[in-house]
Each structure stands twice: as structure tokens, then as C-alpha cells.
Amino acid sequence: MLKTSFDRQKHWETSPRVTSLVDAFEAIAAGRSGYPSKREVTADLSLFDGREDIVAFHERYMGYSGTFNAHFLASIPYVLEEECRLGNAMTAYLTGKSRNLRRTAHLQTVGNAEAVIARTVVAASGGHIASLSNSPTDANRREFERNRPPDCHFHLGPYFELDRHRIRNTPELARFSEGFDIIYEDTAFQMYGPDRHEQVPFVLQNLRRDGIFVCLEKCSHASREEYLRRELVKDRDFKSRYFDAGQLEEKEFILGEMVKGQVPLEHVVDAIRIELRYVELIWNSGNFYMLAASDDWAELQAFKALLGPVCIPDAYVFDFPRSL
């Protein structure tokens, strides 16, 4: 088991996500602030390019989408379409693995608020997948419990509480002690700090040897001007459809805390490559990047094949495809 030093653990326990941002995230999840005032996000189904499997996943996904998720979908251009593309691939990949190995496949989401993607994947699998999700925000837990499929589990607390020892010795979580087939980190790390070389191995201690790690990260950029140009496109051309000017101004506090924990894409890739041999970029939207990684090349390529083409207009894509 990876052993986190006391100083590092103390650093995480005093990070913005569990200190200065606690009230802000609780308010968003409870619907007291941050809910799109103009309208909620709806998917552009034409971007699915006739993929009926993704359309069906989208319909199920929206049935699990709660208050915080509405805020999330309105904050990142076309992340709704990407979560449906990703979740559909996760469902197919993990269901196939479950049938081939004759065991339940395991999915962990790190962050992901009320665990919309985990609940959707488990429900769509017909009993082949079990999941573990977490959030320090109690309103997210309540939304999770309100509409919870069987075999979905939730830990109320930060991700760094879920080390291998905690999972093995918690009766309701012990089923996951042999590890996860997919771990999906969803913009969580940046809320706790910039130390990806500590965060990534901590999470990957729970990944099976042939497992797949997927992460969604908002990254800094070597050019401040380029970073701000992408932010302008996001805010002016996308977020303004859903949030009024006052709401966009309110978000500045949270965004300011998030920026402190952002790192360059190359830093994220380097941290992953120390643990896993193969890392590939699978999506880009402005300053947001999604990566998929594994020690098993064949498994990674099998998962990528299920993703299909990206579902996002070219105007929001700045850095894809790109060799890592």
C-alpha cells in the first residue's frame, strides 16, 4: 500500500476543497447558488453522429443528473456530450470484462459530485458493474441516495480517505479490495492542490494491474495569453448561454482557488507515466483535457475503440489530436 507522509496528508486535509471551498460547493449542490439561471444544458444529439448507443446512454444519464451536475455541465463546453461518450464506452468495456471473467467489474469515480456517470454506468450494465464514488459534500450524498441503483456505493469524504487499507477494512467496501477496472478522476485533484506526483499514485494504488485510469483535468498553459483566450471562448460563447453576468462573477472565487491547483498538461502526463506505461489524450475542450492510461496496451486500445469520435464542435478544440 502506498504510504502517504504525515506532512502530505496534513496538506491535503487543509486544502481548499475541504476548507475554503466547503460552503461554496455545499451551496451549489443544494441549489442555493450556481444553478444555471438562463436554462439547463441539453445535449446536441447531432454530435453523436447516429450512435444510438450513446443516445440511449444520454437519456439514462439525464435521469440521474442532479443539481450540482447541472452546474458542472454548464461550466465546461460540451462536457455533457463527452460524459455520455465516455460513460457509454465504460459501460460496454466493463460489461464485456465482467462477462469474460465471470465476475462483477469495478468502477471508481474520484470527485464527480453526485456520481452521475457512475450511477448511469451501473444501471446500464444490468448487474455486471459495481461502483464506488466519493464527495465531501453532503448535498451530493443526498442526491446520490435519492436515486441510487443497486451496487452503487458512496463515501462521504475526500478521495484521500479511500486508501487500500480503508477499503479492505470497511465491510460495505471490502468487495473492492482487489481493485478497480476503471478509475475516473473528474476535476478533483486541482481542488486539493498541484501535487499530481503525490495524488496520482495515491489513487492508482486501487487500480488493477490491467486497469484503465481516466482523468479530466483543467490545465495551466505556458502562455498566459493563450490560456485566457481559451477562457474567453468558454465564457463568452458557452457559459453565457446558461449563467447570467452576476453568476459568472460569483464563480470567480471558486475559479481563483482552482487556478492554484492547476498544472500544465505535461506535468499531469509525467505523473501518470511514472505509474503507467501508456497515456493518451482522448478529448480537449479549451483548457480542459481528458486522458486515458494503462499498463496494458491492448486493454487501453480496446477501451479507446469503444469511445468513437469526439463529440464537440471544432471551435472549442484547441489541442487535439496531440501526441504525448
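Preceding this section is the structure that the text describes.
Just so you know, these numbers come straight off a predicted model, no measurement behind them.

Draft legend 1. The arrangement of the packing of helix α5 (residues 79–101) against helix α14 (residues 297–307) in detail. Two elements in contact, α5 and α14, have axes separated by 8 Å at closest approach and are oriented at 130 degrees. What the angle tells us is that α5 and α14 run oblique. In the packing of α5 onto α14, the handedness of the crossing is right-handed. Between α5 and α14, the contacting residues are R85, L86, A89, M90, A92, Y93 and K97 on the first element and E299, F303, L306 and L307 on the second. Class assignment of the residues belonging to the contact of α5 with α14 gives a composition of eight nonpolar, no polar and three charged.

Draft legend 2. Region of the structure containing the packing of helix α3 (residues 52–64) against α5. The contact between α3 and α5 brings their axes to 9 Å, and the two run at 110 degrees. Relative to α5, the element α3 lies roughly perpendicular. Packed against α3, whose contacting residues are D53, I54, F57, H58, Y61 and M62, the element α5 presents L80, E83, C84, R85, G87, N88 and T91 at the interface. Split into classes, the residues belonging to the contact of α3 with α5 amount to six nonpolar, four polar and three charged.

Draft legend 3. Layout of the layout of surface pockets. Roughly 180 Å³ of volume is contained in the largest pocket. Lining the largest pocket are K218, R224, Y227, L228, E231, K234, D235, E252, L255, G256 and V259. Looking at the lining of the largest pocket, the elements that each hand over two or more residues are α10 (224–237) and α12 (252–260). In terms of residue count, the dominant contributor to the lining of the largest pocket is α10 (six residues).

What counts and what doesn't
- Residues numbered from 1 in each chain as written.
- Predicted model: local features only at pLDDT ≥ 70, side-chain atom pairs only at ≥ 80, totals over all residues.
- Heavy atoms only, no water.
- Axes fitted to C-alpha atoms, helices over the stretch in contact; angles between N-to-C directions.
- Helix = DSSP H or I, 4+ residues; strand = E, 2+ residues; numbered from the N terminus.
- Parallel < 35°, antiparallel > 145°, perpendicular 65-115°, else oblique.
- Left-handed = near helix turned anticlockwise from the far one by under 90°.
- Contact = heavy atoms within 4.5 Å.
- Nonpolar A, V, L, I, M, F, W, Y, C, P; charged D, E, K, R; others polar.
- 1 Å grid on protein atoms, 1.4 Å probe; cavity = no way out; pocket = protein on both sides within 12 Å on 5 of 7 lines; lining within 4 Å.
- Points joined across faces, edges and corners; volume = space filled by probe spheres on them.

Purely geometric stuff here, so don't read any function into it on its own.
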